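# Notes for the structure review
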Amino acid sequence: MMITLNVNGKPQQIDAEPDTPLLYVLRNDLALNGAKFGCGLGQCGACTVLLDGRPVFSCVVPLSVVDNRPITTLEGLGSPSAPGPLQRAFVEEQAAQCGFCIPGMMLRAQALLNANKKPTEADIRKHLQPNLCRCGTHMRIVKAVKRAAEYTRTAAASGSDRT
Ligand code: FES
Ligand code: FES
């Protein structure tokens, strides 16, 4: 089946079985390796991307439901040369240990920042709960999200989406 994926603002045609998990297509067909394969069962959050602006476990989302709906992956949050607020803040807070959970954490955090420009620590903890970090860097992750919220507010105040 031919399907149009709208990933990071770019439409792409994919020929795949309708029950193929979105994660497989992102990684194997589009070389967008930000989203990670952890459990494959919707239980760890390593594969989190945004679909219509909402976080989803892409390992359990079949292609058949995503036709033309906007998808955001880690690669849509910025690049190494122009990191977005979350990417910059995670690096500055040294929030990653092994790093495996971090792309999913960032995408889920982005959904929070889209809805709440000034989240409290409790807001961040609650929102990130579905995503697991085996390395135990939760405290740094929470600090990074707070810092990213500050960057986002500063950028909005100065009329830019990057800081
Ligand atoms: S790999 Fe998708 S939730 Fe674990
Ligand atoms: S940094 Fe290793 S799983 Fe989170």
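Residues numbered from 1 in each chain as written. Chains lettered and ligands numbered in written order. Predicted model: local features only at pLDDT ≥ 70, side-chain atom pairs only at ≥ 80, totals over all residues. Heavy atoms only, no water.

Of the regular secondary structure elements, the protein chain holds five helices and five strands. When the helices and strands of the protein chain are read in sequence order from the N terminus, they spell out β-β-α-β-β-β-α-α-α-α. Computed over C-alpha atoms, the radius of gyration of the protein chain comes to 15 Å, within 12% of the 15 Å expected from 2.2 N^0.38 for 163 residues, which places it in the range of a compact globule. Nonlocal contacts in the protein chain, meaning residues at least 24 apart in sequence, comprise 57% of its contacts between residues at least 6 apart. When the accessible surface of the protein chain is totalled, it reaches about 8,300 Å², and 52% of it is carbon and sulfur. For the protein chain, the distance from the average site of its 18 positive side-chain charges to the average site of its 13 negative ones is 10 Å. (Helix = DSSP H or I, 4+ residues; strand = E, 2+ residues; numbered from the N terminus. Rg over C-alpha atoms; globule rule 2.2 N^0.38 Å. Contact = heavy atoms within 4.5 Å. Areas by Shrake-Rupley, 256 points an atom, 1.4 Å probe, with all protein chains shown as cover. Lys, Arg positive; Asp, Glu negative; His and termini not counted. Charge placed at Lys NZ, Arg CZ, Asp CG, Glu CD.)

What follows covers the sheet that holds strand 1 (residues 2-7). Reading across from one edge, 2-1-5-3-4 is the order of the five strands in this open sheet, with mixed pairing throughout. Unpaired on one side and paired on the other, strand 2 (10-15) and strand 4 (54-57) mark the two borders of the sheet. Ignoring strand direction, the axes of neighbouring strands in this sheet form an average angle of 40°. Along the sheet, helix 3 (residues 102-115) contacts strand 3 (48-51), strand 4 and strand 5 (70-72); its crossing angle with strand 3, the most-contacted strand, is approximately 35°. (Pairing = 2+ DSSP bridges. Axes fitted to C-alpha atoms, helices over the stretch in contact; angles between N-to-C directions.)

This paragraph deals with the pairing of strand 2. Pairing between strand 1 and strand 2: six bridges, direction antiparallel. Paired with Ile3 across the two strands is Ile14, which belongs to strand 2. In sequence, strand 1 turns back onto strand 2 through a hairpin of two residues, with Asn8 there showing a positive phi of about 50°.

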